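The residues making up each chain are set out below.
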Amino acid sequence: MNILVCDDDKAIVDAIEIYLVNEGYKIFKASNGMEAIEIIEENEIHLIIMDVMMPKMDGLRATMKIREENNIPVIMLSAKSEDTDKIMGLNMGADDYVTKPFNPLELIARVKSQLRRYTTLGSLETKTNVCKTGGLVIDDESKTITVDGDEVHLTPVQYKILRLLTANAGRVFSIEEIYEKVWKETAFSPENTVTVHIRKIREKIEINPKEPKYLKVVWGIGYKVEKL
């Protein structure tokens with residue numbers, strides 16, 4: 001995996017590089033947003049760690065530019081801790097936000113989390129706006145779901161769960177995986193939360209929720225949408 005670290009503070013870049021190299025990643029380095037964009041255009045980059053305040057082109061503008069053509073995960077770094085700054089970074093297209101000074105082990109954990117999400121979901125989601133298995137069709141552009149031609153209405157969270165499972169039809173997801181991918185945070189005892197949403201989804205998409213055709217449990221492992 002190739003990771004681009006972009007920060008005008010060379011000491012911070014070098015420190016991050018040490019930790020990431022120890023984890024087996026290949027590192028590319030940039031000191032401003034313009035350099036970062038040039039590196040991305042010439043190399044296959046799987047994740048970007050981007051500082052906010054930099055000369056020539058700051059991290060926010062660089063992230064906006066990157067998002068025009070690429071869905072590479074971006075983790076923003078900033079000395080600012082106010083919620084408004086975090087919200088601005090996320091609205092510009094960042095996937096995560098880490099405030100300086102940071103714990104290197106926390107940064108590594110966030111890097112691994114974003115890479116897992118990108119490799120299992122990110123590239124797949126950009127290939128098509130429609131997920132289909134049997135009579136279950138999800139149109140991600142219009143955010144509509146139909147079953148055998150009839151539209152069903154889900155809450156945003158229910159939609160995300162079903163979208164995740166349908167896009168990966170046949171693959172079993174544990175409850176923890178579902179929670180972390182949908183809620184985008186570490187799962188702590190998520191069983192009740194996920195199970196309730198699964199039950200409600202079944203009630204809306206299945207003819208007989210007790211004998212589901214699409215959304216099935218794999219006992220002791222998790223849930224899957226059947227590949228039909």
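Reading the values: rules and limits
Residues numbered from 1 in each chain as written. Predicted model: local features only at pLDDT ≥ 70, side-chain atom pairs only at ≥ 80, totals over all residues. Heavy atoms only, no water. Helix = DSSP H or I, 4+ residues; strand = E, 2+ residues; numbered from the N terminus. Expected span 1.5 Å × (residues − 1). Buried < 20%, exposed > 50% of the residue type's maximum accessible area, 1.4 Å probe, protein only. Salt bridge = Lys/Arg side-chain N within 4 Å of Asp/Glu carboxyl O. Pairing = 2+ DSSP bridges. Axes fitted to C-alpha atoms, helices over the stretch in contact; angles between N-to-C directions. Contact = heavy atoms within 4.5 Å. Polar contact = N/O pair within 3.5 Å; in protein donor to acceptor, adjacent residues only side chain to side chain. Patch = residues over 30% accessible without salt bridge, like charges linked within 9 Å, V, L, I, M, F, W, Y side chains within 5 Å. Areas by Shrake-Rupley, 256 points an atom, 1.4 Å probe, with all protein chains shown as cover. Parallel < 35°, antiparallel > 145°, perpendicular 65-115°, else oblique. Nonpolar A, V, L, I, M, F, W, Y, C, P; charged D, E, K, R; others polar.

Enquirer: Is there a simple way to think about helix H6 (residues 156-167) in this case?
Expert: Given 3.6 residues per helical turn, the α-helix brings residues three or four places apart onto the same face. Taking 1.5 Å of rise per residue, the twelve residues of H6 would be expected to cover 16 Å, and the 16 Å separating its terminal C-alpha atoms lies within 8% of that figure. The buried fraction of H6 is high, at nine of twelve residues. When we look at burial in H6, the residues that qualify are Gln-158, Tyr-159, Ile-161, Leu-162, Arg-163, Leu-164, Leu-165, Thr-166 and Ala-167.

Enquirer: Explain the pattern of salt bridges here, please?
Expert: Close approach of charged atoms allows side chains of opposite charge to pair. In total, this model carries 16 salt bridges according to the counting rule given. The closest approach of N and O atoms between Glu-106 and Arg-110, which form a salt bridge, is 2.8 Å. Separated by four residues within a single helix, Glu-106 and Arg-110 lie in helix H5 (residues 104-125), roughly one turn from each other. The exposure class of Arg-110 is partly exposed, given its relative accessible area of 26%.

Enquirer: For this particular structure, what's the right way to read the sheet that holds strand S7 (residues 136-139)?
Expert: By way of backbone hydrogen bonds, the strands of a sheet pair with one another, either parallel or antiparallel. In spatial order, the strands read S6-S7-S8-S9; together these four strands make up an open sheet with antiparallel pairing. Of all strands in the sheet, those bounded by a partner on one side alone are strand S6 (130-133) and strand S9 (150-152). For this sheet the average axis-to-axis angle between neighbouring strands, irrespective of direction, equals 20°.

Enquirer: Looking at this model, I keep getting lost on the environment of Val-194. Mind explaining?
Expert: Positionally, Val-194 belongs in helix H8 (residues 191-205). For Val-194, a relative accessible area of 0% translates into the label buried. For the pair Val-194 and Val-182, spaced twelve residues apart in the sequence, the C-alpha separation amounts to 9.9 Å. Contacts of Val-194, omitting those with residues within four sequence positions, involve Ile-175, Ile-178, Tyr-179 and Trp-183.

Enquirer: I tried to follow the side chain of Thr-133 on my own but got confused; where do I start?
Expert: As for its position among the elements, Thr-133 is in strand S6. Take Thr-133: its relative accessible area is 2%, and that puts it in the buried class. Here Leu-228 takes part through its backbone nitrogen, which lies 2.8 Å from a polar atom of the side chain of Thr-133.

Enquirer: Would you explain a nonpolar patch on the surface in this entry?
Expert: Together, Ile-18, Tyr-19 and Leu-105 line one region of the surface with nonpolar side chains, adding up to about 330 Å² of accessible area. Tracing the chain through its elements places Ile-18 in helix H1 (residues 10-22). For Ile-18, a relative accessible area of 54% gives the class exposed.

Enquirer: What exactly am I supposed to notice about the sheet that holds strand S5 (residues 96-99) here?
Expert: Strand order across the open sheet formed by five strands is S2-S1-S3-S4-S5, with parallel pairing between neighbours. Of all strands in the sheet, those with a lone pairing partner are strand S2 (26-30) and S5, marking the two edges. On average, each strand axis in the sheet is tilted by 20° relative to the strand beside it, whichever way the strands run. Sheet topology note: the strand S3 (residues 47-51)/strand S4 (residues 74-78) ladder contains four bridges and is parallel. Bridging across to S4, Ile-49 finds its partner in Ile-75.

Enquirer: What is the right way to look at the packing of H6 against H8 in this model?
Expert: Each packed pair of helices is defined by two parameters, the angle between the axes and the distance between the axes. The contact between H6 and H8 brings their axes to 10 Å, and the two run at 80°. When the axes of H6 and H8 are compared, the pair comes out roughly perpendicular. Contacts between H6 and H8 involve Val-157, Gln-158, Ile-161, Leu-162 and Leu-165 from the first element and His-197, Ile-198, Lys-200, Ile-201, Lys-204 and Ile-205 from the second. Here the contact of H6 with H8 is composed, by residue class, of seven nonpolar, two polar and two charged.

Enquirer: I would appreciate a short explanation of the side chain of Thr-63 in the present structure.
Expert: Inspection of the secondary structure puts Thr-63 in helix H3 (residues 59-67). Setting aside residues up to four positions removed in sequence, Thr-63 forms contacts with Met-50, Val-74, Met-76, Met-92, Gly-93 and Ala-94.

Enquirer: Looking at this model, I keep getting lost on unusual backbone geometry. Mind explaining?
Expert: Negative phi characterises most residues that are not glycine, and trans characterises most peptide bonds. Residue Pro-101 follows Lys-100 across a cis peptide bond; omega there is -10°. On the secondary structure map, Pro-101 appears in the loop between S5 and H5. Even without being a glycine, Lys-56 presents a positive backbone phi close to 70°. Structurally, Lys-56 is set in the loop between S3 and H3. According to the relative accessible area criterion, Lys-56 is exposed, its value standing at 64%. In this model, Lys-143 sits at a positive phi of 55°, which is unusual for a non-glycine residue. Note that Lys-143 resides in the loop between S7 and strand S8 (144-147).

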